[in-house]
Amino acid sequence: MVQCSDPGISAVPINVPADTVKLRLEKTLISRVPRAAFYNLSELRFLWLTYNSITSVHPSSFVNLKTLRELRLDGNFLTSFPWEGLRDMPRLQTLGLHNNRLSILPAHASLFLLNITYLDLSSNRLTILPAELLDLWFPLPGQQDGPVPRRILGLHDNPWLCDCQISMVMSLSMSLGSPVVLMDQLLICSRTLGQSGVLLTQAELSRCMRPSVQPAATRVISPLGSNVILRCDATGYPTPTLTWIKTSAYTDCCQDNILENSDQLPRNLESFVQESPRVGVRWSIITLNGLSYKDAGEYRCQARNMAGISEAPIKLKVVGVTRLSRPPKRKSQKTSTKSSSKQRKANQTTTNTATIKENQRLQKIIPPSINKTQTSSNRVSKLFPVDRRRKMNSSDVRKKTQTSIKSIPEPPENSTTALLSETFV
């Protein structure tokens, strides 16, 4: 152990033995802690820099202190602390910042306080606590891997703005089995609106309201491959934050093979949008594109603020899509219409063909055109060509003509054949 308390020391000494386990620099004029100030003290486990004049600490001041368990900076003039520097001390459990001038506790500090079980922030100038720290100290069920470590916090002697957050810390720390123990439960509300110097237990915090969640629909059925938007609205004070969680999947016949490879449930969903149109109100939506059977299941919209937690379930069912066939009646009508049309065309074709054949047959007997100026002899010569090389008298011609005319079947009235027959006679 090395202890230095000489009022004349103004800088961190560099000649400390390398095997030092505990170093105490107290009541000196040291005003800053430079970069890599203790790099050679790799075996250091306890570092006390109390009641000096330190105003700044470099973020890399604690490089190579991998075995350090306790760091105390009480009684200095720090207005800020390099929280990211705690990464160089993975085994640190005790952090003392009592009696400094810290006015802000940033939200990102929660990222580096995971292993801290003793944190003394008393006698500073803190007014509010970020919600991220409360999530670290009072995690929701299922969000913490393993048992929740027990923490001792010193929050007294700060000018707290008594809001729902500090009130929740107070009430949760007093509950049975709480993971947080306050060194002093007498917290003073120094900046409460209309109140000053009032104990937190006596402050009227009537505005604090547990969140209420209202989903747009509690049951949604959508076809495979479609897009779905799930929405929920929440009210409460302070304005609640919303989280989407998938808690279960459907176990129907259509996705037995998918469930074997599905992700472990429940799980938090990160792709969602939330917005606060005004204080105390917040809405959130989650979009599911190209639905598959794996997306089916129960989703929960969870709202949380300092006054409590509330959630609402939404069940999503994905159904398969089948090709719709035309009604049988309309199909038969179309078929019959097509058949009738085809039949009409066939009949018309048959009629035309018969008419053509009839005309061709008549043309073999009657010339295609008969000139009215033609003489009877010309007609007779065309009808009866002289192929037998013999002459016929007029009586023979008359007989032949009558016989030919009688042999022609009687045509229907008003037909072309009838007109030709009359003309011929």
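Each remark here, short or long, concerns the structure printed above.
Caption draft 1: A look at the overall build of the chain. What the chain contains, in helices and strands, is seven helices and 21 strands. For the chain, buried positions account for 35% of its 425 residues. Taking contacts inside the chain between residues at least 6 apart in sequence as the whole, the part at least 24 apart equals 61%. Accessible surface for the chain amounts to roughly 26100 Å². Of this, 51% is attributable to carbon and sulfur atoms.

Caption draft 2: A look at the side chain of asparagine 52. Within the fold, asparagine 52 resides in the loop between strand S4 (46-48) and strand S5 (56-57). Here asparagine 52 falls in the buried class, since its relative accessible area comes to 4%. A distance of 2.4 Å separates polar atoms of two side chains, one belonging to asparagine 52 and the other to threonine 28. Among all residues touching asparagine 52, those that are not within four sequence positions of it are Leu25, Glu26, Lys27, Thr28, Ile30, Gly75, Asn76 and Phe77.

Caption draft 3: Spatial organisation of the pairing of strand S2 (residues 22-25). Bridge count for strand S1 (residues 2-4) against S2 is three bridges, and the pairing is parallel. Looking at S2, one finds that glutamine 3 is bridged to arginine 24.

Caption draft 4: Seen up close, the state of the cysteines. Inspection of the entire model under this criterion finds one disulfide. Bridging cysteine 232 to cysteine 301, the disulfide has an S-S length of 1.8 Å. Remark: cysteine 301 occurs in strand S20 (residues 297-305) and cysteine 232 occurs in strand S15 (residues 228-237); sequence separation between them is 69 residues. Both residues of the pair, cysteine 232 and cysteine 301, belong to the buried class.

Caption draft 5: Inspection of the packing of aromatic side chains at higher detail. Under the definition given, this model contains one aromatic pair. In this arrangement the basic side chain of lysine 22 is found over the ring face of tryptophan 48, its NZ or CZ atom lying 5.1 Å from the centre. For arginine 72, the ring lying beneath its charged end belongs to tryptophan 48, and the centroid distance is 5.4 Å.

The rules behind each value
- Residues numbered from 1 in each chain as written.
- Predicted model: local features only at pLDDT ≥ 70, side-chain atom pairs only at ≥ 80, totals over all residues.
- Heavy atoms only, no water.
- Helix = DSSP H or I, 4+ residues; strand = E, 2+ residues; numbered from the N terminus.
- Buried < 20%, exposed > 50% of the residue type's maximum accessible area, 1.4 Å probe, protein only.
- Contact = heavy atoms within 4.5 Å.
- Areas by Shrake-Rupley, 256 points an atom, 1.4 Å probe, with all protein chains shown as cover.
- Polar contact = N/O pair within 3.5 Å; in protein donor to acceptor, adjacent residues only side chain to side chain.
- Pairing = 2+ DSSP bridges.
- Disulfide = S-S within 2.5 Å.
- Phe/Tyr/Trp six-rings, centres within 6.5 Å; stacked < 30°, edge-to-face > 60°.
- Lys NZ or Arg CZ within 6 Å of the ring centre and 35° of its normal.

On their own, these measurements won't tell you what the molecule is for.
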